[in-house]
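# Inside the fold
Listed below, chain by chain, are the residues.
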Amino acid sequence: MTLSLAISPCPNDTFVFHALVHGQVPGAPLVEVTYADVDVTNTAAERGAFDLVKVSYAALPWLLDDYHLLPCGGALGRGCGPLVLTRPERADLTDLTDATVAVPGDRTTAYLLFRLWSAGRPPARIEVVPFHEIMPGVSAGRYDAGLVIHEARFTYPRHGLTALVDLGEWWEADTGLPIPLGAILARRGAVDPEAATEWIRESVRQAWADPAVSREYVLAHAQEMEPDVVARHIGLYVNEFTADLGEAGVAAVDALLGRAADAGLVPQTSSSRATAWTS
């Protein structure tokens, strides 16, 4: 048996899945891994393309007929939310009526949080742009603002940009809950979710037990990030929720999907449906 896995090349994913990908988890099958940005995996998951797949929590309402949500391996946390960036001369940009905003995907959690935050405000013009092109595009004036995630929290000042809003701070202040960003799903009928959960948790345990083992692999996929940025990225996004969603994590997923459904942004879905097999 060979398991197909799709994750991003970001340091948090490669750090978490190093042991599983490299056959170091006892009892786990061989893994054939695909590396892709989450906007790509969101779409691929709709086609049932992978046995295990990293997706945006915002995409769950379209995927749960075919996938189980696993309670580990994903990205949730505090102080790690998406940022809306702009140039310093546009730092007072609050009316988005005539603004063009670059976003990394229309079913990303970042974009869903942006839409929830901007409810009641005039809508901006939205352009879906590959993540690595957003900050240079805003800096060059092609976009008035850009929605970014992950390592951009540490590197945006290098592009001469300023943060218009931290959507994570907004979410935490409004809900008191962590920010649900990326989820790990197991395809129904293709992989046992309980077994997959144990494989991933063991991979996480090994990653934490000896971080040096995965360093070369992580850096090889880190898209030219400096080692310091990689370490900060892992420290922020790999946390207690990576090992177990727990009550707070499930509540965060429920709040995100519930608010989005109430606003008519996604189909109605509950976290109890998403995590029913774990109860």
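Whatever comes next refers back to the structure up there.
Report on the accompanying structure. What you see as residue numbers is a count from 1 along each chain, following the sequence as written. Given that the model is predicted, a residue must reach a pLDDT of at least 70 before its local features are reported, and side-chain atom pairs must reach 80 or more before they are shown or counted; all residues, however, enter totals for whole chains, interfaces and linings. Only hydrogens and water are set aside when side-chain values are computed; all heavy atoms of the structure are taken into account.

### A short note on the overall build of the protein chain
Using the following cut-off: Every helix listed is a DSSP run of H or I at least four residues long, and every strand listed is a run of E at least two residues long, numbered separately from the N terminus. A radius of gyration in this sense is built from C-alpha atoms; the matching globule rule multiplies 2.2 Å by the number of residues raised to 0.38. The contact criterion used is simple: two residues touch if any of their non-hydrogen atoms lie within 4.5 Å. Here Asp and Glu are counted as negative and Lys and Arg as positive; His is not counted, and neither are the chain ends. The location of each charge is read from NZ of Lys, CZ of Arg, CG of Asp or CD of Glu.
Within the protein chain one finds twelve helices and eleven strands. Over its C-alpha atoms the protein chain spans a radius of gyration of 18 Å, differing by no more than 12% from the 19 Å that the globule rule assigns to 279 residues. In terms of overall dimensions, the protein chain has a C-alpha envelope of 55 × 40 × 30 Å along the principal axes. Within the protein chain, residue pairs in contact and separated by at least 24 positions form 79% of the contacts whose partners lie at least 6 positions apart. Positive and negative charge centroids in the protein chain, built from 20 and 35 side chains respectively, lie 3 Å apart.

### Observations concerning the packing of aromatic side chains
Counted only if it meets this: Only Phe, Tyr and Trp rings are paired, with Trp represented by its six-membered ring, and only when their centres lie within 6.5 Å; those with planes under 30 degrees apart are stacked, over 60 edge-to-face, the remainder tilted. Between buried and exposed lies partly exposed: a residue is buried under 20% and exposed over 50% of the maximum accessible area for its type, with that area taken using a 1.4 Å probe on protein chains only.
Counted by the stated rule, this structure contains three aromatic pairs. On the basis of an interplanar angle of 20 degrees and a centroid distance of 6.3 Å, the ring pair of Tyr111 and Phe114 is categorised as stacked. Separated by three residues within a single helix, Tyr111 and Phe114 lie in helix α3 (residues 109-117), roughly one turn from each other. What makes Phe114 buried here is its relative accessible area of 4%. Ring centres of Phe114 and Trp117 lie 5.8 Å apart, and the angle between their planes is 45 degrees; on these two criteria the pair is classed as tilted. Remark: Trp117 and Phe114 occur in helix α3; sequence separation between them is three residues, near one turn of the helix.

### Quick notes on the sheet that holds strand β9 (residues 145-148)
Stated formally: Being paired, for any two strands, means DSSP has found at least two bridges between them. Convention adopted: a line fitted to C-alpha atoms gives each axis, helices being fitted over their contacting stretch, and angles between N-to-C directions are expressed from 0 to 180 degrees.
The five strands lie next to each other as β8-β7-β9-β6-β10, forming an open sheet whose pairing is mixed. Looking at the sheet topology across the chains shown, the edges are occupied by β8 (125-128) and β10 (162-166). Averaged over neighbouring strand pairs, the angle between their axes works out to 30 degrees when direction is ignored. α3 rests against β6 (83-86), β7 (100-103), β8, β9 and β10 of the sheet, and its axis sits at about 125 degrees to β9.

### What about the packing of α3 against helix α11 (residues 246-262)?
For clarity, the threshold we go by: Geometric relationships in this document are graded by angle, where less than 35 degrees denotes roughly parallel, more than 145 denotes roughly antiparallel, 65 to 115 denotes roughly perpendicular, and other angles denote oblique. Each helix crossing is assigned a hand: it is left-handed if the near helix lies turned anticlockwise from the far helix by less than a right angle, otherwise right-handed if that turn is clockwise. Only Asp, Glu, Lys and Arg are considered charged in this grouping, and only Ala, Val, Leu, Ile, Met, Phe, Trp, Tyr, Cys and Pro are considered nonpolar; every other residue, Gly among them, is considered polar.
Look at α3 against α11: their axes get within 11 Å of each other, and the N-to-C directions meet at 55 degrees. The orientation of α3 relative to α11 falls into the category oblique. For the element pair α3 and α11, the recorded crossing hand is left-handed. Together, Thr109, Leu112, Leu113 and Leu116 of α3 and Leu256, Arg259 and Ala260 of α11 make up the contact between the two elements. Among the residues forming the contact of α3 with α11, the class breakdown is five nonpolar, one polar and one charged.

### Concerning the pairing of β6
Both faces of β6 are covered, namely the face carrying Leu83 and Leu85 and the face carrying Val84 and Thr86. Relative to β10, β6 runs antiparallel, the two sharing four bridges. Considered in β10, the bridge of Leu83 is made with Asp166.

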